[in-house]
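Tertiary structure, described
Here is what each chain is made of, one letter per residue.
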Amino acid sequence: MRSRLLTRGLLVALLILGALAMVFPFVWTLITSLTSGAGLSATPSLIPEDPSLDAYFTLFGTTNFGRAVLNSVGLAVIITFLQVATSALAAYGFARFDFPGKRVMFAVYLATMMIPIQVLIVPLFTQMRDMGLINSYWGVILPSTASAFGVFLLRQAIATVPREFDEAATIDGAGRVRIFTTIVLPLIKPALATFAVFGFMSSWNSFLWPLIVLRADGLKTLPVALASLQGQHATQWDVLMAGSVISILPMLALYVFAQKYVVQGATGSGLK
Amino acid sequence: MTARLASAPASAPARARRRRHIATAYLFLAPSAIPLAAFVLYPMFGAARNSLFQWNLISDPVWVGLGNYGELFTDSATLRAFGNTVLYIVGTVPLVFIGGLMLALALNRAIKGRNLLRGIYFLPVITSWIAVAIVWRWLLNPSVGVVNNVLATIGIEGPGWWTDPQWSLPSIILASAWKDLGFVMVLLLAGLQAIPQEIREAAMLDGANAWRRLRSVTLPLLSPSIFFVVIISLINGFQVFDQVYAMTGGGPAGSSDVVVLRIYTLAFRYGEAGMASALSMLLFAIVLAITLIQIKGEKRWVTYA
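Residues numbered from 1 in each chain as written. Chains lettered and ligands numbered in written order. Predicted model: local features only at pLDDT ≥ 70, side-chain atom pairs only at ≥ 80, totals over all residues. Heavy atoms only, no water.

Remarks on the overall build of chain B
- In terms of regular secondary structure, chain B is built from 13 helices and 2 strands.
- What you see for chain B is a C-alpha radius of gyration of 26 Å, clearly larger than the 19 Å of a compact globule of 305 residues, by over 25%.
- Structurally, chain B occupies a C-alpha span of about 90 × 70 × 30 Å along its principal axes.
- Going through the 305 residues of chain B one by one, you find that 51% of them count as buried.
- By sequence separation, contacts in chain B at least 24 residues apart represent 67% of the contacts at least 6 residues apart.
- For chain B, the computed accessible surface area is about 14600 Å², with 65% contributed by carbon and sulfur atoms.
- Here chain B contributes 23 positive and 13 negative side-chain charges, whose respective centroids are spaced 17 Å apart. (Helix = DSSP H or I, 4+ residues; strand = E, 2+ residues; numbered from the N terminus. Rg over C-alpha atoms; globule rule 2.2 N^0.38 Å. Buried < 20%, exposed > 50% of the residue type's maximum accessible area, 1.4 Å probe, protein only. Contact = heavy atoms within 4.5 Å. Areas by Shrake-Rupley, 256 points an atom, 1.4 Å probe, with all protein chains shown as cover. Lys, Arg positive; Asp, Glu negative; His and termini not counted. Charge placed at Lys NZ, Arg CZ, Asp CG, Glu CD.)

Points about the interface of chain B and chain A
- Contacts between the two partners involve 84 residues from chain B, matched on the other side by 86 residues from chain A.
- Buried surface at the junction of chain B and chain A, summed over both partners, amounts to about 7500 Å²; 77% is from carbon and sulfur atoms.
- Of all residues in chain B, the largest losses of buried area upon contact with chain A belong to Phe28, Phe39 and Trp138 of chain B, amounting jointly to 11% of the total for that side.
- The tally of links between chain B and chain A comes to 0 salt bridges.
- Inspection of the region where chain B meets chain A yields 22 residue pairs in polar contact (both at pLDDT 80 or more).
- Per element, the largest residue contribution to the side of chain B that touches chain A is 23 residues, and it comes from helix 2 (residues 12–50) of chain B.
- A per-class count over the side of chain B that touches chain A returns 64 nonpolar, 14 polar and 6 charged. (Buried area = accessible area lost by both parts, 1.4 Å probe. Salt bridge = Lys/Arg side-chain N within 4 Å of Asp/Glu carboxyl O. Polar contact = N/O pair within 3.5 Å; in protein donor to acceptor, adjacent residues only side chain to side chain. Nonpolar A, V, L, I, M, F, W, Y, C, P; charged D, E, K, R; others polar.)

Regarding the packing of aromatic side chains
- This structure, assessed with the given rule, holds 30 aromatic pairs over all chains.
- Ring geometry for Phe24 of chain A and Trp28 of chain A: centres 5.4 Å apart, planes at 25°, overall stacked. Of this pair, Phe24 of chain A and Trp28 of chain A both sit in helix 1 (residues 2–33), 4 residues apart, which is roughly one turn of the helix.
- Their ring planes at 75° and their centres at 5.6 Å tell us that Phe180 of chain A and Phe28 of chain B sit as a pair that is edge-to-face. Placement of the pair is Phe180 of chain A in helix 9 (residues 176–187) and Phe28 of chain B in helix 2, with the two residues belonging to separate chains. (Phe/Tyr/Trp six-rings, centres within 6.5 Å; stacked < 30°, edge-to-face > 60°.)

What about the environment of Thr86 of chain A?
- Along the chain, Thr86 of chain A turns up in helix 3 (residues 65–96).
- Measuring from C-alpha to C-alpha, the distance between Thr86 of chain A and Leu70 of chain A comes to 24 Å, with 16 residues separating the pair along the chain.
- Beyond its immediate stretch of four places on either side in the chain, Thr86 of chain A contacts Thr145 and Ala146 of chain A together with Pro31 and Ser32 of chain B.
- Of the polar contacts made by the side chain of Thr86 of chain A, one reaches the backbone oxygen of Thr145 of chain A; its length is 3.0 Å.

Details of the side chain of Ser176 of chain B
Residues and elements named next belong to chain B.
- Checked against the element boundaries, Ser176 lands in helix 8 (residues 168–193).
- On the basis of relative accessible area, Ser176 is assigned to the buried category, the value being 0%.
- Only 2.7 Å separates the side chain of Ser176 from the backbone oxygen of Ile172, close enough to count as a polar contact.

Concerning unusual backbone geometry
- In this chain, Gly251 of chain B is followed by Pro252 of chain B through a cis amide linkage whose omega measures -5°.
- In this model, Asn135 of chain A sits at a positive phi of 60°, which is unusual for a non-glycine residue.
- Relative to the helices and strands, Asn135 of chain A is located in the loop between helix 5 (117–130) and helix 6 (137–141).
- Owing to a relative accessible area of 33%, Asn135 of chain A belongs among the partly exposed residues under this scheme.
- A positive phi is found at Leu57 of chain B, a non-glycine position, where the angle reads about 80°.

Regarding the domain arrangement of chain B
All names here are of chain B.
- Domain boundaries assigned for chain B yield domain 1 (12–67) and domain 2 (75–300).
- Averaged C-alpha coordinates put domain 1 and domain 2 at centres separated by 34 Å.
- Each partner contributes to the interface: domain 1 provides 10 residues, whereas domain 2 provides 10 residues.
- Both sides together, the interface formed by domain 1 and domain 2 hides about 730 Å², and carbon and sulfur atoms give 71% of it.
- Considering only the side of domain 1, the residues that lose the most area to domain 2 are Met44, Ser51 and Leu57, jointly responsible for 49% of the buried surface there.
- The tally of links between domain 1 and domain 2 comes to 0 salt bridges.
- Linking domain 1 with domain 2 are 1 residue pair in polar contact (both at pLDDT 80 or more).
- For the side of domain 1 that touches domain 2, the elements supplying multiple residues, two or more each, are helix 2 and strand 1 (53–54).
- The element best represented in the side of domain 1 that touches domain 2 is helix 2, accounting for 4 residues. (Domains from an automatic or database assignment.)

Re a nonpolar patch on the surface
Residue and element names in this part refer to chain A.
- A grouping of Leu10, Leu14, Ile16, Leu17 and Leu20 is seen on the molecular surface, where their side chains present a nonpolar patch of about 530 Å² in accessible area.
- Locating Leu14 in the fold gives a position in helix 1.
- For Leu14, a relative accessible area of 55% gives the class exposed. (Patch = residues over 30% accessible without salt bridge, like charges linked within 9 Å, V, L, I, M, F, W, Y side chains within 5 Å.)

Overview of the pattern of salt bridges
- Tallied over the full model, the rule gives 2 salt bridges over all chains.
- Residue Arg96 of chain A pairs with Asp166 of chain A through a salt bridge whose shortest N-O separation is 2.8 Å. Here Arg96 of chain A is found in helix 3, whereas its partner Asp166 of chain A is found in helix 8 (residues 163–171), with 70 residues between them in sequence. For the pair Arg96 of chain A and Asp166 of chain A, a shared accessibility class is recorded, and that class is buried.
- Its salt-bridge partner being Asp75 of chain B, residue Arg262 of chain B comes within 3.0 Å of it at the nearest N-O pair. Here the residue Arg262 of chain B occupies a position in helix 12 (residues 259–268), and Asp75 of chain B occupies one in the loop between helix 3 (67–72) and helix 4 (76–107), the gap between them amounting to 187 residues.
- Judged by its relative accessible area of 7%, Arg262 of chain B falls in the buried class.

Structure (structure tokens):
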């Protein structure tokens, strides 16, 4: 019994040690961002001796970083809204309608999930260029309008809503659109929330495609702006860390307030 | 014509209703079907077509047949990027899998504060790769980074990390393990929670010790989750890009170059869009093959509870 208690104590100690190791990079990021001249004239320490917000003033005062934050927020909100809307509509179509080619179309939707963006960057780039959408927000928004994963996830949620609800509403004279908006959507709120969080996170963190499309300074999203900040301020670690803090903070807030949906959203698809 | 009439003796209003039903369905599908066709399927054919031309994205493409594919296998930088990607996977996947499995097993037990611990281990998963890649560049800075400073206090001279060709890929692997650990943990925890408690209790009553229970009961019943985790890790591994771009840019001297970065460089820096597309197609073939293994394997060797 005693040895059991001992192993248990050891296990907990190891888990806490590991957790500290996981958190340390975040803590160190914050500390560095508060240490003016870190890496050059100052060395950060666990308890900052003279914390200052200099790095944040440099970041927002001398670079276009504030604009990048706005760009990322705006794009993430628009893309999330579009993906939730288009996915919910299609999910309802697949769950409640019978039409020729339904099986084939659903299979094609699923197949598109197997095609990673990394495979498409060259042809998508020329397509956007021909449409005149390089250095335009639309170049990022348009290819992200639909999500096959969202359709798949929401279709499963709608399948759990009893068809009798639809039928009762039909007898009461409700049309398809009314049934969709007033009966089906409210009943699949948790799935909508999970997918919305997933969409927001993917858009907020996405890098490769915005890097290719949004090259002009004022148009860059946060990750792209951070990457170029690294090119310009390679040794100003306090400024770079301030940028990282700004990029991580909103996701952290979302995680604290909607942990369940964030975990489901981040793991549900298994795709990042 | 007569057969059709016989099998569908519907009245005109019924047929009109059916037509309306179908039209409504297509209207519900259109907002997602059109973008998926235009921005996923259509460029997919574009990638296949581009891979058969020599092309710098500007002048007229020149037909080279399968020449680009042949060139992929003789171009040393591409081969190196491919080899590095495989090394990255070999380095990251077992590390993250074993770590994630141990964490999942430990945090599936009744431990005080386990929700907080789970939350902390999951934290890196939700962050932007670019932000944390820069953070890791700072932590692993050879001269002023905290890791080498700590190593120095115990008398070890730390390596050059991302500035050293020998250590650039291990640096990326280290950061990736830190970031992906929680992802694997959560997927395996979900699998563990799906195992009925009675099965484990029965094994305990039969006198099986902890190791035996793990080997003969838990792991076999967890195999669907394990299988899924390995497949996803492989697919994500071949697509690795963000952390490489931000941590090393593929260097020094190509020592940490990977497939997707090579696609990007070929197309947008060297004007070799055809070769880049051929490499894209190869990447797609690999992802497709792994996905097919998943579909087949799920049916075959996995034990379901």
